[in-house]
Amino acid sequence: MTDDERFSLLYSLMVRVFGRTEREPRVPAELPVIAGYTSGVPRLGIPSLKMADASLGLRHTGGQGDGATAFPAGLALGASFNPALARTIGCVIGKEARARGFNVALGGGINLVREVRNGRNFEYVSEDPLLSGLVGAGMVRGTQEEGVLAVLKHVSLNASETNKFFLDAVIDPAAHRESDLLAFQIAIEQSEPGALMGAYNLVNGAYACGNRALLQETLKDAMGFKGWVMSDWLAVYGWEFALNGLDQHSGAQLDAQEWFNGPLRQAYEDGKVPKARISEMVRRMLRSYYAVGIDQERPCGPVDFAAHHGVALEAARQGIVLLKNEREALPLAPGKGRIAVIGGYAQAGVLSGDGSSQVMPPAGYAAQIPARSHPLLGPTTMRLFGPSPLAALRQRFPEAAVSYDSGAHIAEAVALARRCDTVIVHAIRHEGERFDSPDMTLPFGQDALIDALASVHDNVIVVLQTGNPVAMPWHAKVRAIVQAWYPGQAGAQAMTEVLAGDVNPSGRLPVTFPASVEQTPHPRLPGADVELGTPIRVHYHEGAEVGYRWFARTDRQALFAFGHGLSYTRFAYADLRIDAGETVTATFTVTNTGAHEGADVPQLYLTEAAGDVRMRLLGFQRVFLRPGESARVSVRADARLLARFQAAEAHWRIDAGRYRLALGRSAGELVLHGDAELEERTFGR
Ligand code: GLC
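Remember, it's a predicted structure, so these values are computed and weren't measured experimentally.

K.L.:
Please provide a residue-by-residue account of the overall build of the protein, values included.
P.N.:
When you go through the protein residue by residue, the secondary structure sums to 15 helices and 31 strands. What you see for the protein is a C-alpha radius of gyration of 25 Å, in line with the 26 Å of a compact globule of 685 residues. Principal-axis analysis of the C-alpha atoms gives the protein an extent of 80 × 60 × 50 Å. Here the protein holds 685 residues, and 65% of them are scored as buried. The contacts in the protein between residues at least 6 apart in sequence include a share of 75% that link residues at least 24 apart.

Below, the structure written as structure tokens:
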């Protein structure tokens, strides 16, 4: 390759820069408006890169007809505890990308949920590195099996949106390896993503996208990542980032300079950048192009959107979590009864999240409602997917009298509730990229609405469509609570099927629901009290003790624990056996002792390691059982979850001693216990 050809790979261009109307002239005119374009080298058969956002489906590129299958939130996929489902979703995204001529899917955000107010958590998977890593790997495998290169993001931390460009995330390096970086490490090992995307924030004093310790020494040297590292869009501050492990500058027009175009070339000409480094940047990219096969033409017929809708429906079904179900309020059996459906724009559609993961379904948006206008980032828009929960419920229960009230006036909603046998409240909170929620309350006075309804009616069912845990001050007064997240284009049907008992809920919380932010490591939202642009430092003192791990370490009781989720049947666990060696393997029997078929997710936890109170999810298995059916399940722990990372020696160490394990329905409900004696040992990676 000539130097010109080499350098042409090292940056991508936005097709149309944010806020401008004209297109980038260097991008082929026929290319739809997608996130990034990198020219190829036709002389050598090197394809150009056409990068589309794809966390929750392929991000639409323009007007009507540019739709794509819109999947539920990443937290819903996390709640399924089903990496195989993630792979199926990844495959669908790959097929739809191919059909549109895109060959890079900017997908899987697997940042751990450290901050329950983070606007982007809906795009992410969980608070646990094993769950996030396995689900992220599933997405990558599915997409890359379709010959589309998958990207995992954002390395690393980027745990909140407030002031993220000026936020220095400070974390103990060993704790970092045992938490956020372990999620990436598991995903890299399991799926070999073609590329990783750096984060906006600083990590331990250096911008993530130019952070040598993070990109070169950890991802590439220590973890053996073979692909390339691209920046996020508007996250590069100099050509020197190339010397610290960044291989490609994304959306180059956005930054002060197209750093990896002119300036890096000049630095190279000036002998400041070794040719070997430029060669390595190019080789990492080409290695991934050919490992994934984006240069290979593949026949792809018309997209089967009906089949893909079925995948979105299954994802919504498996992601819905039944949090509370008092006196068997659910499943519904209204007969000719009267049902009040209140709030949440339930007459229009289901809510979706905002930002670069926003997908427009093939049917388009059912409604677009101007939402909170951020002081600096401007207006946001709530986008709803049809059909509506109201329509779906009426269709499911044609003999029932189903009435709707917007919930705008509590008195009217209460009056309707008084006339009905069942009250279903849809509670929403619009969240998205660029902004965090200030607290854990529901906006638009919904907490007061729910409280008022529950004060006059003893059969109130709350359906949450939120991108994060919420505080639920009314939780004791309502009879049932269903967490549906942003349920995707098939959300109304899936919710109705769960409410009606046509589908047995099987979702398990991928994040802890605190009773209040006071229980979290950072009660005050980092950066909330400073002017945007003020450099801030957030010391993630909790280290690797994220979510349920923090609650165990500090002996706190969550409102709803990580892994929690009810069912319309019951599952019994028995005959736990622990085998110990280089790691531990737990074998146990799960039995469906109830009257409904359904899926359960038994979870294996470490609760104490050689005297150290330390909770770790060691493994899980989703099992589907018919009434009376049993399954013998075996879960083998990743040894790193039993170990501590030794930063100085750059290896993992399992201390000798007794390891206490538990089989649980959640981190807060441990059912069977067992011990294992382990020998001390150290191991790399
Ligand atoms: C965004 C996001 C990133 C996305 C990229 C391209 O700002 O941080 O997740 O893939 O830019 O749209």
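K.L.:
Mind laying out the sheet that holds strand β4 (residues 149-155), listing which residues take part and the relevant values?
P.N.:
Overall, mixed pairing links the 6 strands, which are arranged β1-β2-β3-β4-β6-β9 in an open sheet. Because the sheet does not close on itself, it has two edges, and the strands there are β1 (36-38) and β9 (228-230). The mean inter-strand angle of the sheet, taken between neighbouring strand axes irrespective of direction, is 30°. Note that strand β6 (residues 195-198) and β9 share 3 bridges and pair parallel. Its bridge partner being in β9, Leu196 is matched across the sheet by Val229. Packing against the sheet, helix α9 (residues 275-292) makes contact with β2 (49-53), β4 and β9, and its axis sits at approximately 110° to β9.

K.L.:
Which residues make up the site of the ligand, and what values do they have?
P.N.:
Surveying the vicinity of the ligand reveals the residues Ala35, Asp53, Leu106, Arg120, Lys153, His154, Met197, Tyr200, Asp232, Trp233, Ser356 and Glu433. Here an oxygen atom of the ligand and a side-chain polar atom of Asp53 are 2.5 Å apart. Within the contact set of the ligand, an oxygen atom lies 2.7 Å away from a side-chain nitrogen or oxygen of His154. Contact with the protein chains covers 95% of the free accessible surface of the ligand, which is 310 Å². Per-class residue counts for the shell around the ligand are 5 nonpolar, 2 polar and 5 charged.

K.L.:
Break down unusual backbone geometry for me, with residues and values.
P.N.:
A cis amide bond, omega 0°, links Val155 with the succeeding residue Ser156. Along the chain, the position of Ser156 falls in the loop between β4 and β5 (167-170). In this chain, Leu330 is followed by Pro331 through a cis amide linkage whose omega measures 0°. Along the chain, Pro331 falls in the loop between β10 (321-325) and β11 (338-342). We note that Phe81 has phi near 50°; this positive angle belongs to a residue other than glycine. Of note in this structure, Glu328 is not a glycine but carries a positive phi near 50°.

K.L.:
Explain the nonpolar core to me, using residue names and the numbers behind them.
P.N.:
Residues Trp233, Phe260 and Leu264 are the most contacted members of the largest nonpolar core, which totals 186 residues. Residues within four places of Trp233 in sequence aside, it is in contact with Ser12, Met14, Ala35, Gly36, Met51, Leu106, Met197, Tyr200, Ser250, Gly251 and Leu254. Within the second largest apolar cluster, 45 residues are counted, among which are Leu75, Leu323, Val462 and Leu464.

K.L.:
Before we move on, can you summarise the environment of Glu677 with the specific residues and values?
P.N.:
Secondary-structure assignment places Glu677 in strand β30 (residues 669-678). On the basis of relative accessibility, which here comes to 55%, the residue Glu677 falls in the exposed class. Separated by 20 residues in sequence, Glu677 and Gly657 have C-alpha atoms that sit 5.5 Å apart. Not counting the four nearest positions on each side in its chain, Glu677 is found in contact with Ala580, Gly657 and Arg658.

K.L.:
Can you lay out the packing of helix α4 (residues 129-145) against helix α6 (residues 180-191) for me, pointing to particular residues and giving the numbers?
P.N.:
It is at 7 Å that the axes of α4 and α6 come closest, and there the two elements cross at 35°. Judged by the sense of rotation from one axis to the other, the crossing of α4 with α6 is right-handed. Side by side, α4 and α6 meet where Pro129, Leu130, Ser132, Gly133, Leu134, Ala137, Val140, Arg141 and Gln144 of the first sit next to Leu182, Ala183, Ile186, Ala187, Gln190 and Ser191 of the second. Residues of the contact of α4 with α6, tallied by class, amount to 9 nonpolar, 5 polar and 1 charged.

K.L.:
Tell me about the packing of aromatic side chains, and please be specific about residues and values.
P.N.:
Within a pair of aromatic rings, the relevant descriptors are the distance that separates the centres and the angle that separates the planes. Considering all chains together, one arrives at 14 aromatic pairs under this definition. Taken together, the aromatic side chains of Phe81, Tyr548, Phe562, Tyr605 and Phe620 make up a single cluster linked through ring pairs. Positioned above the aromatic ring of Tyr540 is the side chain of Arg114, whose terminal nitrogen or guanidinium carbon lies 5.4 Å from the ring centre. The ring of Tyr573 carries Arg665 above its face, with NZ or CZ at 4.6 Å from the centroid.

K.L.:
Outline helix α10 (residues 305-319), supporting the account with residue identities and numerical values.
P.N.:
Between its first and last C-alpha, α10 extends 21 Å over 15 residues, near the 21 Å set by a 1.5 Å rise per residue. Listed in full, the buried residues belonging to α10 are His308, Val311, Ala312, Leu313, Ala315, Ala316, Gln318 and Gly319. Tucked inside the fold, the buried residues of α10 contact α2 (74-80), α3 (83-100), β10, β18 (480-483) and α14 (491-500).

K.L.:
Let's hear about the side chain of Gln185: which residues, and what values?
P.N.:
Within the secondary structure layout, Gln185 lies in helix α6. Discounting residues that sit within four places of it in the chain, Gln185 has contacts with Arg177, Met223, Arg640, Trp652 and Arg685.

K.L.:
Could you give me a rundown of the environment of Glu518, with the residues and numbers involved?
P.N.:
Residue placement: Glu518 occurs in the loop between α14 and β19 (536-539). What makes Glu518 exposed here is its relative accessible area of 54%. Once residues lying within four places of it in the same chain are set aside, the contact partners of Glu518 are Pro523 and Arg556.

Basis of the calculations
Residues numbered from 1 in each chain as written. Predicted model: local features only at pLDDT ≥ 70, side-chain atom pairs only at ≥ 80, totals over all residues. Heavy atoms only, no water. Helix = DSSP H or I, 4+ residues; strand = E, 2+ residues; numbered from the N terminus. Rg over C-alpha atoms; globule rule 2.2 N^0.38 Å. Buried < 20%, exposed > 50% of the residue type's maximum accessible area, 1.4 Å probe, protein only. Contact = heavy atoms within 4.5 Å. Pairing = 2+ DSSP bridges. Axes fitted to C-alpha atoms, helices over the stretch in contact; angles between N-to-C directions. Near = heavy atom within 4 Å. Polar contact = N/O pair within 3.5 Å; in protein donor to acceptor, adjacent residues only side chain to side chain. Areas by Shrake-Rupley, 256 points an atom, 1.4 Å probe, with all protein chains shown as cover. Nonpolar A, V, L, I, M, F, W, Y, C, P; charged D, E, K, R; others polar. Core = buried A, V, L, I, M, F, W, Y, C linked by side-chain atoms within 4.5 Å. Left-handed = near helix turned anticlockwise from the far one by under 90°. Phe/Tyr/Trp six-rings, centres within 6.5 Å; stacked < 30°, edge-to-face > 60°. Lys NZ or Arg CZ within 6 Å of the ring centre and 35° of its normal. Expected span 1.5 Å × (residues − 1).

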